[in-house]
Amino acid sequence: MIMLPVTEVFSSIQGEGPYVGVRQIFLRLPGCNLRCPYCDTVTQTLQEFRLERDPGSGKFSVFKNPISVNTLSQLLQNYNFSLHHSISVTGGEPLLWASELRELLPFLKEKGIKIYLETNGTLPEQLLQVMPWVDIISMDIKLPSNDDNLWDIHKSFLRLSLQKEVFVKIVVQEDTKLVDLEYARDLIAEVDPLIQTILQPVTATRGIVTPKPYQLLSWQSFFLQKLRNVRVIPQTHVFMGQL
Ligand code: SF4
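Residues numbered from 1 in each chain as written. Predicted model: local features only at pLDDT ≥ 70, side-chain atom pairs only at ≥ 80, totals over all residues. Heavy atoms only, no water.

The chain has the name 7-carboxy-7-deazaguanine synthase in an unreviewed UniProt entry, where Desulfosporosinus meridiei is given as its organism. Within the UniProt record for the chain, the comment given under Function (unreviewed entry) is "Catalyzes the complex heterocyclic radical-mediated conversion of 6-carboxy-5,6,7,8-tetrahydropterin (CPH4) to 7-carboxy-7-deazaguanine (CDG), a step common to the biosynthetic pathways of all 7-deazapurine-containing compounds." One UniProt comment on the chain, placed under Subunit (unreviewed entry), says "Homodimer." (UniProt positions renumbered as here; feature names shortened; annotations may be inferred.)

Draft legend 1. A look at unusual backbone geometry. Here N65 and P66 are connected by a cis peptide whose omega angle stands at -10 degrees. Along the chain, P66 falls in the loop between β5 (60–64) and β6 (67–68). Cis geometry is found at the peptide bond from G91 to G92, where omega equals 10 degrees. Mapped onto the secondary structure, G92 falls in the loop between β7 (86–90) and α2 (98–110). (Helix = DSSP H or I, 4+ residues; strand = E, 2+ residues; numbered from the N terminus.)

Draft legend 2. Highlighting the pairing of β7. Taken across its five residues, β7 has five buried, putting it largely inside the fold. Residues S86, S88 and T90 point to one face of β7 and I87 and V89 to the other, with burial holding for every one of them. Where strand β3 (residues 23–28) and β7 come together, five bridges link them in parallel fashion. Bridging across to β7, F26 finds its partner in S88. Bridging between β7 and strand β8 (residues 114–119) involves four bridges; their strand directions are parallel. Residue pairing in the sheet places I87 in a bridge with I115 of β8. Following the chain from β7 across α2 to the adjacent parallel β8, one finds a crossover that is right-handed. (Buried < 20%, exposed > 50% of the residue type's maximum accessible area, 1.4 Å probe, protein only. Pairing = 2+ DSSP bridges. Right-handed = clockwise from strand over helix to strand, strands pointing away.)

Draft legend 3. Structural context of the nonpolar core. Residues L108 and I170 are the most contacted members of the largest nonpolar core, which totals 59 residues. Those residues in contact with L108, other than ones at most four positions away along the chain, are L76, F81, I87, I113 and I115. Formed by seven residues, the second largest nonpolar core is a distinct cluster that contains L34, C36, Y38 and I208. (Core = buried A, V, L, I, M, F, W, Y, C linked by side-chain atoms within 4.5 Å. Contact = heavy atoms within 4.5 Å.)

Draft legend 4. Region of the structure containing the site of the ligand. Taken together, C32, L34, R35, C36, C39, G92, N120 and K142 make up the full set of residues adjacent to the ligand. Each residue belonging to the shell around the ligand can be placed in one class, and the counts come to four nonpolar, two polar and two charged. (Near = heavy atom within 4 Å. Nonpolar A, V, L, I, M, F, W, Y, C, P; charged D, E, K, R; others polar.)

Draft legend 5. Inspection of helix α1 (residues 69–76) at higher detail. For α1, the full list of buried residues reads V69, L72, S73, L75 and L76. Buried residues of α1, seen end-on, are gathered within an arc of 160 degrees and therefore sit on one face of the element. The exposed residues of α1 that point more than 90 degrees off its buried face are N70 and Q74. (Arc of directions from axis to C-beta.)

Draft legend 6. Region of the structure containing the environment of T119. Inspection of the secondary structure puts T119 in strand β8. For the pair formed by T119 and G91, sequence separation is 28 residues and the distance between their alpha carbons is 7.7 Å. Setting aside anything within four residues of it in sequence, one finds T119 in contact with E93, L95, I137, S138, M139, D140 and F157. There is a polar contact of 3.1 Å between the side chain of T119 and the side chain of E93. Among the polar contacts made by the side chain of T119, one reaches the main-chain amide nitrogen of G121 at a distance of 3.1 Å. (Polar contact = N/O pair within 3.5 Å; in protein donor to acceptor, adjacent residues only side chain to side chain.)

Draft legend 7. Inspection of the packing of aromatic side chains at higher detail. Summed over all chains, the structure comprises six aromatic pairs. Ring centres of Y19 and Y116 lie 5.9 Å apart, and the angle between their planes is 85 degrees; on these two criteria the pair is classed as edge-to-face. Taken as a pair, Y19 in the loop between β2 (8–13) and β3 and Y116 in strand β8 lie far apart in primary sequence, 97 residues in all. Residue classification places Y116 among the buried positions, given a relative accessible area of 1%. Taken together, the aromatic side chains of Y19, Y116 and F167 make up a single cluster linked through ring pairs. Taking NZ or CZ as reference, R50 lies 3.9 Å from the ring centre of F60, over its face. For R185, the ring lying beneath its charged end belongs to F222, and the centroid distance is 4.0 Å. (Phe/Tyr/Trp six-rings, centres within 6.5 Å; stacked < 30°, edge-to-face > 60°. Lys NZ or Arg CZ within 6 Å of the ring centre and 35° of its normal.)

Draft legend 8. Broad picture of the packing of helix α4 (residues 151–161) against helix α5 (residues 178–191). The interhelical angle for the contact between α4 and α5, taken along N-to-C directions, is 30 degrees, at an axis separation of 10 Å. Taken together, the axes of α4 and α5 are roughly parallel relative to one another. The handedness of the crossing between α4 and α5 comes out as right-handed. In this structure, α4 uses W151, H154, K155, L158 and R159 to contact α5, whose residues at the interface are D180, Y183, A184, L187, I188, E190 and V191. (Axes fitted to C-alpha atoms, helices over the stretch in contact; angles between N-to-C directions. Parallel < 35°, antiparallel > 145°, perpendicular 65-115°, else oblique. Left-handed = near helix turned anticlockwise from the far one by under 90°.)

The structure is reproduced here in structure tokens:
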């Protein structure tokens, strides 16, 4: 029996990136291989996880962790798939659970719902394991000031992601360095200048400051020198009070 730990399952509105506003089922999985300073996500595996009983109701049932993939599949069937644009498989870093997702995702695809993978873009081998069932890849590029130098691994990941619909998201803060943005921009341009790129101003937290409007405009212009489709989109679910 394949078991999978879960953080939470709920129905809500996508708050980030080009799909902002669509209704999704969120399957949040624990664990992450990075430690971003602005991280607002619970990444440890808890003894229990919560699942929203009626989509959008905010009323949750509690289940023990880990749960069998078969049981989780049954629970997900309670959601009306036709109401939802896609299921967002998110984390933490969901590709840490690639073997388990290989069991779960085919079931979901069979039921006719799209798979939207939100990933930090650092586990290319694991991406290959689940690629057949993924429709949309939301890939973060983590700037070196946020973590170790991840450029090479991000480039490999992005090249593989071109097999599917992919967009890149870069979280920027007031003290983001232009040299880091230049590396990120040139990396994307080398892979494909048409890849949609989102500059996401950080939601202020623990002394990390949101960029000023003039910085965002200037950085967008800088990216547009080499890329064709660059948008600035903040985390909209935060000011909507959504999960
Ligand atoms: S990759 Fe995402 S979940 Fe992991 S530490 Fe960074 S922000 Fe948090």
